[in-house]
Amino acid sequence: MPPVIFRKGLDLKHAVAGVLAESYHSTLVQEIKDAGYRHDSGRLTVHLAREFGFCYGVDRAVDYAYQARQRFPSRTVYLTGEIIHNPHVNDQLRAQGIRFLSDASEAGKALGPDDVVILPAFGVTVSELRRFMQASCTLVDTTCGSVLNVWKNVTRYAREGFTSVIHGKYWHEETCATASQALEIDGGRYLVVLDKTEAQIVCEYIRESHTPDQTRRAAFLERFAAASSPGFDPDRDLARVGCANQTTMLSTESLAVGEMFREAMRARYGEQELPVRFRAFDTICSATQDRQDAVLQLLASVPLDLMIVIGGYNSSNTCNLARICAEKVPTYHVADPDGLISPAEIRHRSVSGKREAVSSDWLPSTGPVAIGLTSGASTPDNLVEQVVRKLERFTGPAA
Ligand code: SF4
């Protein structure tokens, strides 16, 4: 039996609107927006970035998940894993009775036509999709259009004989799904580079590829073993490259990585060969770009004592917002409002150490304090409200 696939919702948008508003929206955040993204309370001023929180893709994915639960009340509804990288949202979905195939208790689960499987906003690999289709599950596909756009480019690169160089995290679900698209085309290949340091290693290899060197080749293969397509041969597969990126990377870094590859290909093959050896498309999604632009604008427009960035520690776009802010002001990336322990202590993911840490004396104890606030694309507004309320308490007369 061919699977039934819902890609445009399940006609229950209005039916779930109430519970979504109750679970994720915030009256206070709306009031702050209406007041020019500024909130004054005693000695505290909160400046909210102009773009923050749920993006269009996450909004849609969460909406479809609730619709699926309501549409199939007596069937088992699964998510392949976290629908988005926010523990609170995932917990709320569990509370609705939605099960997670990524849980140890569901490992190796035999799926069948009665099961409903929700595909997350960042998509699934081709092999995962095949598994669900072969089992004739009902599928609710929430893959974001911006992710589909990356897949389109990667597929085209593979068809035209280009290796996809993906600026991203090779272990991230979205990048795994994107890379799997390249392999669907006969001869399709990919290489994932995490940052400019890794891009530099690959670019040096390209520049020096006219002089074969087995030691260099072995080191390359070892370094990128987990980040490249099976059988990847740098001497063969870096002769024609097309750049793409995970949608939530730091856009300035993605652009820089693309330019590094362009220059390396130019240096190795010459200007006249560039059109047949190098391709690039900026596949950072507009929501990620808007959030990054908004914090840059906030940082440039008002003096801040510190910045708080709210979002899951495994949320790529949130981590990148924190990186941008940390270059300008003391920045605390908190997973949720519980991270604000007291006026004296804050639990956060250190931007430089990339580990959770508890810092002391993070909040000025006297005088006016100006705090910038933003949240990642998978953070609901009610968590932003809770952070603002805590800041009010911590800076209030009784604190
Ligand atoms: S961050 Fe961008 S690509 Fe990811 S779900 Fe949101 S809009 Fe889509």
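To be clear, the structure that these remarks concern was listed above.
Residues numbered from 1 in each chain as written. Predicted model: local features only at pLDDT ≥ 70, side-chain atom pairs only at ≥ 80, totals over all residues. Heavy atoms only, no water.

Participant: How should I be thinking about the pattern of salt bridges in this particular structure?
Facilitator: For side chains of opposite charge, pairing can occur when their charged atoms come near one another. The tally for this structure, following the rule as stated, stands at 19 salt bridges. The salt bridge involving Arg38 is made with Asp40; its shortest N-O contact spans 2.9 Å. Overall, Arg38 belongs to the partly exposed group, its relative accessible area being 40%. Among the charged side chains, a network of salt bridges with common partners joins Arg189, Arg236 and Asp237. (Salt bridge = Lys/Arg side-chain N within 4 Å of Asp/Glu carboxyl O. Buried < 20%, exposed > 50% of the residue type's maximum accessible area, 1.4 Å probe, protein only.)

Participant: Explain the sheet that holds strand β5 (residues 99–100) to me, please; I cannot follow it from the model alone.
Facilitator: Across a sheet, paired strands are connected by hydrogen bonds in the backbone, their directions being either parallel or antiparallel. Ordered in space as β1-β7-β6-β4-β5, the five strands form an open sheet in which the pairing is parallel. In the strand order of this sheet, the two ends are held by β1 (5–6) and β5, each with one partner. Alignment of strand β6 (residues 116–119) against strand β7 (residues 138–141), held across four bridges, turns out to be parallel. Residue pairing across strands places Ile118 opposite Val140, the latter belonging to β7. (Pairing = 2+ DSSP bridges. Helix = DSSP H or I, 4+ residues; strand = E, 2+ residues; numbered from the N terminus.)

Participant: Is there a simple way to think about the environment of Asp103 in this case?
Facilitator: Mapped onto the fold, Asp103 is located in the loop between β5 and β6. Residue classification places Asp103 among the partly exposed residues on the basis of a relative accessible area of 23%. With 125 residues separating them along the chain, Asp103 and Ser228 place their C-alpha atoms 27 Å apart.

Participant: Before we go on, may I ask you to explain empty space enclosed by the protein in this structure?
Facilitator: It is the rolling of a water-molecule-sized probe over the atoms that shows where space remains empty. In the structure shown here, the tally under the stated rule is two cavities of 30 Å³ or more. Counted as a void, the largest cavity has a volume near 290 Å³. Lining the largest cavity are 23 residues, with Cys55, Val58, Phe122, Thr248 and Asn317 positioned closest to its centre. Going through the elements one at a time, α3 (56–71), α6 (145–159), α13 (286–301) and α14 (316–326) are the ones with two or more residues in the lining of the largest cavity. For the lining of the largest cavity, the leading source of residues is α3, giving three residues. Residues of the lining of the largest cavity, tallied by class, amount to eleven nonpolar, eleven polar and one charged. The space that makes up the second largest cavity amounts to roughly 30 Å³. Forming the boundary of the second largest cavity are Tyr205, Ile206, Ser209, Pro234, Asp235, Leu238 and Tyr269. Elements supplying a minimum of two residues to the lining of the second largest cavity: α8 (196–207) and α10 (234–237). Of the residues contributing to the lining of the second largest cavity, the split by class is five nonpolar, one polar and one charged. (1 Å grid on protein atoms, 1.4 Å probe; cavity = no way out; pocket = protein on both sides within 12 Å on 5 of 7 lines; lining within 4 Å. Points joined across faces, edges and corners; volume = space filled by probe spheres on them. Nonpolar A, V, L, I, M, F, W, Y, C, P; charged D, E, K, R; others polar.)

Participant: What should I look at first to understand the site of the ligand in this one?
Facilitator: Residues in contact with the ligand, as listed here, are Cys55, Tyr56, Gly57, Ala121, Cys144, Ser146, Val147, Thr247, Thr248, Cys285, Ala287 and Thr288. Under a 2 Å grid-point criterion requiring more than half of the atoms, the pocket assigned to the ligand is the largest cavity. Every element with two or more residues in the shell around the ligand is listed here: α3, α6 and α13. For the shell around the ligand, the class distribution of residues is seven nonpolar, five polar and no charged. (Near = heavy atom within 4 Å. Sits in = over half its atoms within 2 Å of the grid points.)

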